[in-house]
Amino acid sequence: MKPLTEQEIRTAFVNCTKGEARRLSVPRDLADRPWDDLDYLGWRDPRSPGRAYLVIELDDRPRGLVLRCPSPTNTQSRRGMCAMCLTSPTGGVSLMVAPKAGRAGQQGNTVGTYLCSDLACSLYVRGKKDAGAGARLPESLTLEEKIQRTVANVAAFVANVTS
């Protein structure tokens, strides 16, 4: 993924108002992000733990989603499988729900999926972040094929939100 500026990130959101996009918390460490290893930029809102954000580049332009998710707890996270990267990280997965874009979202329609709670799918797929013992099932796919699958899964989720 190519590095994005704060302004590019704010204008990428497709399922919130421009005012909401201006007010959301963008990570302050954008320059330190491992952009070459990211298929999408994902983060949880430090001011509102029940919100998360995802920005992916599709057709050479960034697309962003506002997500609602359960707040992280101190109790053990539920260990399930992420629908994007097919990892079962020890940090758990969360059901993340995105309001649909446009009129459907204004009427309260949403799309949900299970994502790594820390939104670090790209790093788990590449082995850059330890997901824990037994978190990744053995596969015959190459690393590039796993990356392509993850990108395709995220793109399909974005398409469901914007359709």
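Computed from a predicted structure; not experimentally measured.

A. Looking closely at the nonpolar core. Ranked by size, the top nonpolar core spans 47 residues in total, and within it Ile9, Phe13, Leu41, Val55, Leu67 and Leu115 carry the most contacts. Mapped onto this core, the elements with two or more residues apiece are helix 1 (6-12), strand 1 (40-44), strand 2 (51-58), strand 3 (61-68), strand 4 (93-99), strand 5 (110-116), helix 4 (121-126) and helix 5 (143-162). Per-element tally for this core: the top contributor is strand 2, with six residues. Discounting residues that sit within four places of it in the chain, Leu67 has contacts with Gly50, Arg51, Ala52, Leu54, Met96, Val97, Ala98, Leu115 and Phe157.

B. Region of the structure containing the side chain of Asn15. With respect to the helices and strands, the residue Asn15 is situated in the loop between helix 1 and helix 2 (18-23). Using a relative accessible area of 8% as the deciding quantity, one classes Asn15 as buried. Here Val66 takes part through its backbone nitrogen, which lies 2.9 Å from a polar atom of the side chain of Asn15. Within polar-contact distance, the side chain of Asn15 engages the backbone oxygen of Pro99 at 3.0 Å. Contacts of Asn15, omitting those with residues within four sequence positions, involve Gly64, Leu65, Val66, Ala98, Pro99, Lys100, Ala101 and Val161.

C. Looking closely at the side chain of Ser94. One can find Ser94 in strand 4. Among the residues examined, Ser94 registers a relative accessible area of 8% and is labelled buried. Among residues more than four places away in sequence, those in contact with Ser94 are Arg44, Pro70, Thr113, Tyr114, Leu115 and Ser117.

D. Expanded view of the pattern of salt bridges. Across all of its chains, the model carries nine salt bridges by this definition. In this structure, Arg33 and Asp29 form a salt bridge, with 3.0 Å as the shortest nitrogen-oxygen distance. Residue class for Asp29 comes out partly exposed when judged on its relative accessible area of 34%. A salt bridge links Lys129 to Asp118; the nearest nitrogen and oxygen atoms lie 2.8 Å apart. Here Asp118 lies in the loop between strand 5 and helix 4 and Lys129 lies in the loop between helix 4 and helix 5, a separation of eleven residues in the sequence. A residue is classified by how much of its surface remains accessible, and Lys129, at 35% relative accessible area, is partly exposed. Through salt bridges with shared partners, one network takes in Glu6, Arg10 and Arg28.

The rules we used
Residues numbered from 1 in each chain as written. Predicted model: local features only at pLDDT ≥ 70, side-chain atom pairs only at ≥ 80, totals over all residues. Heavy atoms only, no water. Core = buried A, V, L, I, M, F, W, Y, C linked by side-chain atoms within 4.5 Å. Buried < 20%, exposed > 50% of the residue type's maximum accessible area, 1.4 Å probe, protein only. Helix = DSSP H or I, 4+ residues; strand = E, 2+ residues; numbered from the N terminus. Contact = heavy atoms within 4.5 Å. Polar contact = N/O pair within 3.5 Å; in protein donor to acceptor, adjacent residues only side chain to side chain. Salt bridge = Lys/Arg side-chain N within 4 Å of Asp/Glu carboxyl O.

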